[in-house]
Amino acid sequence: MALVEAGVVVLDCAEPEQLAEFYKALLDGEETYVNANRVEITGAGGTRLAFRRDVNATPPSWPRPENSLQAHLDFVVTDLDEAERRVVSLGGRPLEAKSAPGPYEERSCSDPAGHSFTLRKVPAPAPKQG
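For clarity, every value in this text was computed on a predicted model and none was experimentally measured. (Residues numbered from 1 in each chain as written. Predicted model: local features only at pLDDT ≥ 70, side-chain atom pairs only at ≥ 80, totals over all residues. Heavy atoms only, no water.)

Asks: Outline the side chain of E40, listing residues and values.
Replies: Examined against the element boundaries, E40 turns out to sit in strand β3 (residues 38-42). Within polar-contact distance, the side chain of E40 engages the side chain of R38 at 2.8 Å. Discounting residues that sit within four places of it in the chain, E40 has contacts with E30, E31, T32, Y33, R48, L49 and A50. (Helix = DSSP H or I, 4+ residues; strand = E, 2+ residues; numbered from the N terminus. Polar contact = N/O pair within 3.5 Å; in protein donor to acceptor, adjacent residues only side chain to side chain. Contact = heavy atoms within 4.5 Å.)

Asks: Got a sec to walk through the nonpolar core? Specific residues and values, please.
Replies: Residues Y23, I41, L49, F51, F75, F117 and L119 are the most contacted members of the largest nonpolar core, which totals 21 residues. Every element with two or more residues in this core is listed here: β1 (9-13), α1 (16-27), β3, β4 (48-53), β5 (73-77), α2 (80-89) and β8 (116-121). If you tally residues by element for this core, the top one is α1, at 6 residues. Other than its neighbours up to four places away in sequence, Y23 contacts L11, D28, I41, L49, F51, L73, F75, D111, H115 and F117. (Core = buried A, V, L, I, M, F, W, Y, C linked by side-chain atoms within 4.5 Å. Buried < 20%, exposed > 50% of the residue type's maximum accessible area, 1.4 Å probe, protein only.)

Asks: I'd love a proper account of the sheet that holds strand β7 (residues 106-110), names of residues and values included.
Replies: Backbone-to-backbone hydrogen bonds join strands into a sheet, with any given pair of strands oriented parallel or antiparallel. Ordered in space as β5-β8-β7-β6, the 4 strands form an open sheet in which the pairing is mixed. Single-partner strands in this sheet number two, and they are β5 and β6 (93-94). Pairing of β7 with β8 involves 5 bridges; the strand directions are antiparallel. Along β8, the bridge assignment pairs R107 with L119. On the sheet, α1 packs against β5 and β8 and is oriented at approximately 25° with respect to β5. Relative to the sheet, α2 contacts β5, β6, β7 and β8, its axis offset from that of β8 by approximately 155°. (Pairing = 2+ DSSP bridges. Axes fitted to C-alpha atoms, helices over the stretch in contact; angles between N-to-C directions.)

Asks: An account of the side chain of H115 is needed here, citing residue identities and associated values.
Replies: Residue placement: H115 occurs in the loop between β7 and β8. Excluding residues that lie within four positions of it along the chain, H115 makes contacts with L11, D12, C13, L19, Y23, P60, C109 and S110.

Asks: Quick rundown of the packing of aromatic side chains? Include the residues and the values.
Replies: With the rule as written, the count across this model stands at 6 aromatic pairs. Ring centres of Y23 and F75 lie 6.2 Å apart, and the angle between their planes is 45°; on these two criteria the pair is classed as tilted. Here the residue Y23 occupies a position in helix α1, and F75 occupies one in strand β5, the gap between them amounting to 52 residues. Ring geometry for F75 versus F117: centroids 5.5 Å apart, planes at 70°, classification edge-to-face. Linking F75 in strand β5 with F117 in strand β8, this pair joins segments that are 42 residues apart in sequence. There is no split in this pair, since F75 and F117 are both buried. (Phe/Tyr/Trp six-rings, centres within 6.5 Å; stacked < 30°, edge-to-face > 60°.)

Asks: Explain the environment of P112 to me, and be specific about the residues and the numbers.
Replies: With respect to the helices and strands, the residue P112 is situated in the loop between β7 and β8. Note on P112: relative accessible area 48%, which makes it partly exposed. On a C-alpha basis, the gap between P112 and V87 in space is 9.4 Å, while along the polypeptide they are 25 residues apart. Not counting residues up to four positions away in its chain, the partners in contact with P112 are L19, F22, L90, G91 and G92.

Structure representation (structure tokens):
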């Protein structure tokens, strides 16, 4: 029997209730645990996240080097444009703009508290060889 039953990614933030709402909407999730200092959610795809109150939390400054990357999340999506619009409509923001035309396989964003994450396009299945 496994000693660890499951893992949860925990993000420190000043307002866990508000950050949980952002990720619940983004991941079509539900709250699974709440107390005065922590909110946990499970997304429709099984992603488990928790948000812990830290009144002194400072947002990461990625891509700048000072206080840059505290944690990083990747979310696999089928439509990058639609996912990015959803992030913005929920209060998140894109972190970098690509100046060259054409599709990109991933996009960097941040949640309303400043944590960075990547929207990554689902790779097309490779053709069978042989």
